[in-house]
Amino acid sequence: MSIDIKPKHIGRNISRIRELRGMKQEALAQAIGSNQQAISGIEGSETVDETKLANIAEALGVTVEAIKSFSEENVFNYFNTFNESVTNSNFGNNNICNFNPLDKVVELYERLVQAEKEKVEYLEKLYKGK
């Protein structure tokens, strides 16, 4: 009984990294001097030529090894670790709001209304002075 290990789908990894980077196929194509149809074909392929892979990795700002070993699980582990380290640091505790934002909006509105009343009073004085 043998279990065949399926190789990683390099094209799918390229697609996911590109999407995580917020890059469209057209932008990636332009960065490597190709067209959108070629990128679509590459993303549908299980294997990619090493030279093309190196160019794509450079355009995506990652290493070839990062593309080859990419997995969704690793991404989530990275972000969870990052989030935990930020939460445990002083940096993560600075986002506590010590005031009610609605109170600040009301305060600003009241100041604007008062300024408008003062403008009206000033204009009425000027008008009566004529």
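This report concerns the structure included in the present document.

What counts and how
- Residues numbered from 1 in each chain as written.
- Predicted model: local features only at pLDDT ≥ 70, side-chain atom pairs only at ≥ 80, totals over all residues.
- Heavy atoms only, no water.
- Buried < 20%, exposed > 50% of the residue type's maximum accessible area, 1.4 Å probe, protein only.
- Helix = DSSP H or I, 4+ residues; strand = E, 2+ residues; numbered from the N terminus.
- Arc of directions from axis to C-beta.
- Contact = heavy atoms within 4.5 Å.
- Patch = residues over 30% accessible without salt bridge, like charges linked within 9 Å, V, L, I, M, F, W, Y side chains within 5 Å.
- Areas by Shrake-Rupley, 256 points an atom, 1.4 Å probe, with all protein chains shown as cover.
- Salt bridge = Lys/Arg side-chain N within 4 Å of Asp/Glu carboxyl O.
- Core = buried A, V, L, I, M, F, W, Y, C linked by side-chain atoms within 4.5 Å.
- Polar contact = N/O pair within 3.5 Å; in protein donor to acceptor, adjacent residues only side chain to side chain.
- Axes fitted to C-alpha atoms, helices over the stretch in contact; angles between N-to-C directions.
- Parallel < 35°, antiparallel > 145°, perpendicular 65-115°, else oblique.
- Nonpolar A, V, L, I, M, F, W, Y, C, P; charged D, E, K, R; others polar.

Points about helix H2 (residues 25–32)
Piece 1. Within H2, the full set of buried residues consists of Gln 25, Leu 28 and Ala 29. The buried residues of H2 occupy one face: seen down the axis, they fall within an arc of 100°. Pointing more than 90 degrees away from the buried face of H2 are the exposed residues Gln 30 and Ala 31.
Piece 2. The inward-facing, buried residues of H2 contact helix H1 (10–20), helix H3 (36–43) and helix H4 (50–60).
Piece 3. A positive backbone phi angle near 75° is found at Gly 33, which sits one or two residues after H2.

Details of the side chain of Glu 43
Piece 1. With respect to the helices, strands and loops of the structure, Glu 43 is situated in helix H3.
Piece 2. Ignoring any residue separated from it by four or fewer positions in sequence, one finds Glu 43 in contact with His 9, Gly 11, Arg 12, Ile 14, Ser 15, Arg 18 and Gln 25.

Looking at the environment of Arg 18
Piece 1. Mapped onto the fold, Arg 18 is located in helix H1.
Piece 2. Overall, the relative accessible area of 8% leaves Arg 18 in the buried class.
Piece 3. Between the C-alpha atoms of Arg 18 and Ile 56, which are 38 residues apart in sequence, the distance is 9.6 Å.
Piece 4. With residues up to four places along the chain from it excluded, the contact list for Arg 18 reads Met 23, Lys 24, Gln 25, Leu 28, Glu 43 and Leu 60.

As for a nonpolar patch on the surface
Piece 1. Taken together, Tyr 122, Leu 123 and Leu 126 make up a surface patch of nonpolar side chains, about 330 Å² in accessible area.
Piece 2. Checked against the element boundaries, Leu 126 lands in helix H7 (residues 101–128).

Looking at the nonpolar core
Piece 1. Judged by nonpolar contacts, the single largest core of 14 residues is most densely connected at Ile 14, Ile 56, Leu 60 and Ile 67.
Piece 2. Elements that contribute at least two residues to this core include exactly H1, H2, H3 and H4.
Piece 3. Here the element with the most residues in this core is H4; it accounts for four residues.
Piece 4. In this structure Leu 60 touches Ile 14, Ile 17, Arg 18, Arg 21, Met 23, Leu 28 and Ile 67, once residues within four positions along its chain are discounted.

Some details on the side chain of Gln 25
Piece 1. Within the secondary structure layout, Gln 25 lies in helix H2.
Piece 2. By relative accessible area, which is 15% here, Gln 25 ends up buried.
Piece 3. A distance of 2.8 Å separates a polar atom in the side chain of Gln 25 from a polar atom in the side chain of Glu 43.
Piece 4. What Gln 25 contacts, discounting residues up to four positions off in sequence, is Arg 18, Gln 36, Ile 39, Ser 40 and Glu 43.

Quick look at the packing of H2 against H3
Piece 1. Relative to each other, H2 and H3 sit at 105°, their axes nearing to 8 Å. Classified by the angle between their axes, H2 and H3 sit roughly perpendicular to one another. The segment H2 lies against H3, with Gln 25, Glu 26, Leu 28, Ala 29 and Ile 32 engaging Gln 36, Ile 39, Ser 40 and Glu 43.
Piece 2. Broken down by class, the residue content of the contact of H2 with H3 amounts to four nonpolar, three polar and two charged.

By themselves, these observations are geometric and do not establish any function.
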